[in-house]
Amino acid sequence: MIHSVKVHHQGKVYAYQVERGKNLLEFLRENLYDVTTPCGGKGTCGKCRIKVEGYVKEASEKEKKLLKAAGKTNGYRLACYNVVEDDIEIFLEDFNREASIVTEGVENKTELSPLIVKKNIKVKSPDLSYQKSDQERVIEAYTSASEIALSSCRLDSLELLRSIPELIRTEDSVTVIEHEGQITGVEKGNTENRIYGIAIDIGTTTIAAYLYDLKTGNRISVHSTLNPQRKYGADVLSRIEYTNNSEENQNEMHDLIIDCINKIIGTFERNNGISSEDIYLMVFAGNTTMMHFLMNLQAKYIAVSPFIPVTTKMQKIKPAELNININRSGLVIVFPCVSAYIGADTVAAILSSNMNNSDETCLLIDIGTNGEIVLGNKDWMYSCSTAAGPAFEGANIQYGVGGIKGAIDKINFAEKLEYHTIGSEKAIGICGSGIVDAIAGMLDKGIIDETGRIVDKSEYEQENHTLINDYMDRLVRLDGMNAFIIARKEDTAINNDILITQKDVRELQNAKAAIAAGIKILIKQAGINPSDIKKVYLAGGFGNYININSAFKIGLLPSELAFEKVVSIGNAAGAGAIQGLLSKHNLSEAELIKNKVKYIELSALADFVDEYVNCMFFE
Ligand code: FES
């Protein structure tokens, strides 16, 4: 039986005929609506909220509980829990609230020498005494105008050999496109000045793209967006699970990212008056799973022990092989990875931090769903990846949200609790940096004890000498747990209090213990003292926004590391990809880094669990 389903989205109404029994999340996904699904549709996150008018079956206790926790009881349902059973109307929230995406990073001074070059040449005409083939004459003209030796220059594309006879006879000059001695294109006239490149950091949540003029080395534009694959889960494991189900799903995951990349290229074209035909080089960084999805490689074995990717090498791919809409003579570079969980983004971040050339020992930490940690200097480097879980991205936190407008990102526990939201909008939830501030402040004020327990109101009253009434009033019970109100109902945009619950504190304890234990293990492996570490680089969006004092307070960073050693380096993966785009030497450097970094698999170490348990406590 077929039912009418109307979807209200961004001021418009779209009508569909849908088979009875169709899951609402599946239906919305198939029709390309963006629904937040951190748990990937497993029914545990409670974030796939939609408003439904018309008949759907009564909510189960579990669905009711999740909706109640989010303060969404009035007509709201969870898409993954429900199916079409009658004619209905669905009202979608603005899930695509503008995300605050960190695009800036630290770029080292780089000499401009992109891997791909264009050169205008005049090809000598043949005559009876100069009997060289068209192929030989193009190579000869090109090598005499460039630094490439005649013996190492090649032109072997059949397609090109078919097109050059007319080109070189009808045009006064032609422009050659070359990389690593291989001529990949010959264009009519002088197009030497039209050569652009794009560096892209594909994050699990966000994508940052940078358009550069490869003739001058100048940045032209930056564009960032959310990763469309996130509808299949906030973390890489949920997405791998989805692609494991069928080849069709794997292709879909690949198509989602390719489509997004082509849209970014289209945006650059429109906004900057350039043609995609003048883009010749793209350099990608991202975690190992994202790089596999980009190349449409099976990511299945990344998810299961012994965690083996298909490839970790730097890849050089023709754009047409990936259906990427840039000049077909161009090139797509995928940065190398170290292992299944130390990806191309970490290699790019190391390149950007320049710790690979440092005499001093440095620590690089990129905190996301996984925490990637690298310790070392120009002579040696150790790395590990810890499953911090998505708490720092707000996903497993009851009122957690990503870094979007309205997210509480800073909290100050003074005489009265004060908070700040992204975009200074009414609060809709708390993002990672806000959660760290909340826990640090609650610890400081004695609202949480060293085991992570939120104290009872009466206990707080008795034990706290510096009792502050504002905080007393915020201590409440929620679903049988102690909880602490950060934002009051009347001040929020969700018509509900925004709280930190006891369960949230436990989630954060797990996440911070994973990172802190990873750092301690690497220090032990390297046989150094924490005081030997002279610089701590915090990479990524979270590292950029986090209050470093709060990070020390909750024990995310070991107390032996001094505050002044910590530097936030923003989107280091993006900055590293840009360095690779602008210079082939940096691409070679990335390969050296890949080979230098020794990966430590924490699950294979007996003392990791001990360290992890120790790090659960607050000092
Ligand atoms: Fe529906 Fe998580 S509860 S996607």
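Analysis parameters
Residues numbered from 1 in each chain as written. Predicted model: local features only at pLDDT ≥ 70, side-chain atom pairs only at ≥ 80, totals over all residues. Heavy atoms only, no water. Helix = DSSP H or I, 4+ residues; strand = E, 2+ residues; numbered from the N terminus. Buried < 20%, exposed > 50% of the residue type's maximum accessible area, 1.4 Å probe, protein only. Core = buried A, V, L, I, M, F, W, Y, C linked by side-chain atoms within 4.5 Å. Contact = heavy atoms within 4.5 Å. Pairing = 2+ DSSP bridges. Axes fitted to C-alpha atoms, helices over the stretch in contact; angles between N-to-C directions. Phe/Tyr/Trp six-rings, centres within 6.5 Å; stacked < 30°, edge-to-face > 60°. Lys NZ or Arg CZ within 6 Å of the ring centre and 35° of its normal. Salt bridge = Lys/Arg side-chain N within 4 Å of Asp/Glu carboxyl O. Parallel < 35°, antiparallel > 145°, perpendicular 65-115°, else oblique. Left-handed = near helix turned anticlockwise from the far one by under 90°. Nonpolar A, V, L, I, M, F, W, Y, C, P; charged D, E, K, R; others polar. Expected span 1.5 Å × (residues − 1). Bend = angle between axes of the 7 residues up to and from the residue. Lys, Arg positive; Asp, Glu negative; His and termini not counted.

Asker: How would you explain unusual backbone geometry if you had to name every residue and give the values?
Answerer: Cis geometry marks the peptide bond from Ser305 to Pro306; its omega dihedral reads 5 degrees. Looking at where Pro306 falls in the secondary structure, it is placed in the loop between helix H7 (288–295) and strand S13 (315–317). The backbone of Asn296 sits at a positive phi, close to 55 degrees, despite the residue not being glycine. Residue placement: Asn296 occurs in the loop between H7 and S13. With a relative accessible area of 24%, Asn296 lands in the partly exposed category. Of note in this structure, Phe307 is not a glycine but carries a positive phi near 60 degrees. As for its placement among the helices and strands, Phe307 is situated in the loop between H7 and S13. Of the residues examined, Phe307 reaches a relative accessible area of 23% and is grouped as partly exposed.

Asker: For the nonpolar core, give the residues involved together with the corresponding values.
Answerer: The nonpolar side chains of a soluble globular protein tend to be buried with one another. Ranked by internal contacts, the top residues of the largest apolar core, which has 82 residues, are Ile202, Ile261, Met282, Phe284, Met291 and Ile324. The element best represented in this core is helix H6 (residues 247–272), accounting for nine residues. The contacts of Met282, once residues within four sequence positions are left out, are Ile198, Ile200, Ile261, Ile265, Ile324, Ile326, Leu331, Val332 and Ile333. By size, the runner-up hydrophobic cluster in this structure holds 79 residues, among which are Ile408, Ile447, Tyr471 and Leu557.

Asker: Lay out the sheet that holds strand S1 (residues 2–9) in plain terms, naming residues and giving numbers.
Answerer: One open sheet accounts for five strands, arranged S2-S1-S5-S3-S4; its pairing is mixed. Where the open sheet ends on each side, the last strands, each with one partner, are strand S2 (12–19) and strand S4 (76–78). Between one strand axis and the next, the sheet turns by 35 degrees as a mean value, whatever way the strands run. Pairing geometry for S1 and S2, over eight bridges, is antiparallel. Its bridge partner lying in S2, Ile2 is registered against Glu19. Here helix H2 (residues 61–69) sits on the sheet and contacts strand S3 (49–54) and S4; the angle it forms with S4, its principal contact strand, is near 120 degrees.

Asker: With reference to specific residues and values, describe the sheet that holds strand S23 (residues 498–501).
Answerer: Spatial strand order, S21-S22-S23: three strands in an open sheet with antiparallel pairing. Strands at the two margins of the open sheet, each flanked by one partner only, are strand S21 (475–478) and S23. On average, each strand axis in the sheet is tilted by 45 degrees relative to the strand beside it, whichever way the strands run. In this structure, S21 lies alongside strand S22 (residues 481–487), joined through four bridges in antiparallel fashion. When the sheet's bridge partners are listed, Leu475 is paired in S22 with Phe484. Strands in contact with helix H12 (residues 502–526) are S22 and S23; relative to S23, the strand with the most contacts, it is inclined by about 60 degrees.

Asker: Which residues make up the packing of aromatic side chains, and what are the values?
Answerer: A full pass over the atoms with the stated rule returns eight aromatic pairs. On the basis of an interplanar angle of 10 degrees and a centroid distance of 3.8 Å, the ring pair of Tyr232 and Tyr242 is categorised as stacked. Pair noted here: Tyr232 is in the loop between strand S11 (219–226) and helix H5 (236–244) and Tyr242 is in helix H5, with a separation of ten residues, a long-range link. Each member of the pair, Tyr232 together with Tyr242, is buried. One cation-aromatic arrangement involves Lys124 over Tyr130; the distance from NZ or CZ to the ring centre is 4.3 Å.

Asker: Give me the pattern of salt bridges: which residues, what numbers.
Answerer: Pairing between side chains of opposite charge can happen when their charged atoms approach one another. Inspection of the entire model under this criterion finds 23 salt bridges. Where Lys22 meets Glu26, a salt bridge forms, and the shortest distance between an N and an O atom there is 3.5 Å. Across the pair Lys263 and Asp259 runs a salt bridge whose closest N-O atoms are separated by 3.2 Å. Residue Lys263 and its partner Asp259 are both found in helix H6; the two are separated by four residues, about one turn of the helix. Within this structure, Glu58, Glu61 and Lys64 form a network of salt bridges that share partners.

Asker: Can you lay out the pairing of strand S18 (residues 407–413) for me, pointing to particular residues and giving the numbers?
Answerer: In terms of burial, S18 is a largely internal element, five of the seven residues being buried. The pairing of S18 with strand S20 (residues 429–430) spans two bridges and is classified as parallel. Looking at the pairing, Ala407 lines up with Gly429 of S20. Across five bridges, S18 lies against strand S19 (residues 417–421) in antiparallel orientation. Bridging from a neighbouring strand, Asn412 pairs with Glu418 of S19. A loop of three residues connects S18 with S19, the two strands running antiparallel in sequence.

Asker: How would you explain the environment of Asn31 if you had to name every residue and give the values?
Answerer: With respect to the element layout, Asn31 can be found in the loop between helix H1 (24–30) and S3. Residue Asn31 is classed as partly exposed on the basis of its relative accessible area of 29%. Taking the C-alpha atoms as reference points, Asn31 and Ala551, separated by 520 residues in sequence, lie 41 Å from one another.

Asker: Any chance you could break down the packing of helix H3 (residues 134–145) against helix H4 (residues 158–170) for me, citing the residues and the numbers?
Answerer: Two elements in contact, H3 and H4, have axes whose closest approach is 10 Å; the angle formed by their N-to-C orientations is 70 degrees. Here H4 runs roughly perpendicular to H3, going by the angle between their axes. Taken as a pair, H3 and H4 cross one another with a handedness that is left-handed. Across the interface between the two elements, Asp134, Gln135, Arg137 and Val138 from H3 touch Leu161, Ile164, Pro165, Ile168 and Arg169 from H4. Residues that form the contact of H3 with H4 fall into these classes: five nonpolar, one polar and three charged.

Asker: Can you break down the side chain of Gln229 residue by residue, with the values?
Answerer: Mapping Gln229 onto the fold places it in the loop between S11 and H5. Classification of Gln229 by relative accessible area gives buried; the value is 1%. Filtering out sequence-adjacent residues up to four positions away, Gln229 remains in contact with Arg239, Met253, Leu256, Ile257, Met290 and Phe293.

Asker: An account of H6 is requested, with residue identities and associated values reported.
Answerer: Over its 26 residues, H6 runs 37 Å from end to end, which matches the ideal 38 Å to within 8%, given 1.5 Å per residue. Positioned one or two residues after H6, Gly273 has a phi angle of 60 degrees, which is positive.

Asker: Please provide a residue-by-residue account of H4, values included.
Answerer: At Ile164, H4 is bent by approximately 40 degrees, the largest bend along its length, and proline Pro165 sits one to four residues beyond. Of all the positions in H4, only Leu160, Ile164, Leu167 and Ile168 are classed as buried. Contacts from the buried residues of H4 go to H3, strand S7 (174–179) and strand S8 (182–188).

Asker: Describe in detail the side chain of Glu85, supporting the description with residues and values.
Answerer: As for its position among the elements, Glu85 is in the loop between S4 and strand S5 (88–91). Put simply, Glu85 is tucked away with no salt bridge, and the nearest opposite charge, on Arg20, sits 4.8 Å away.

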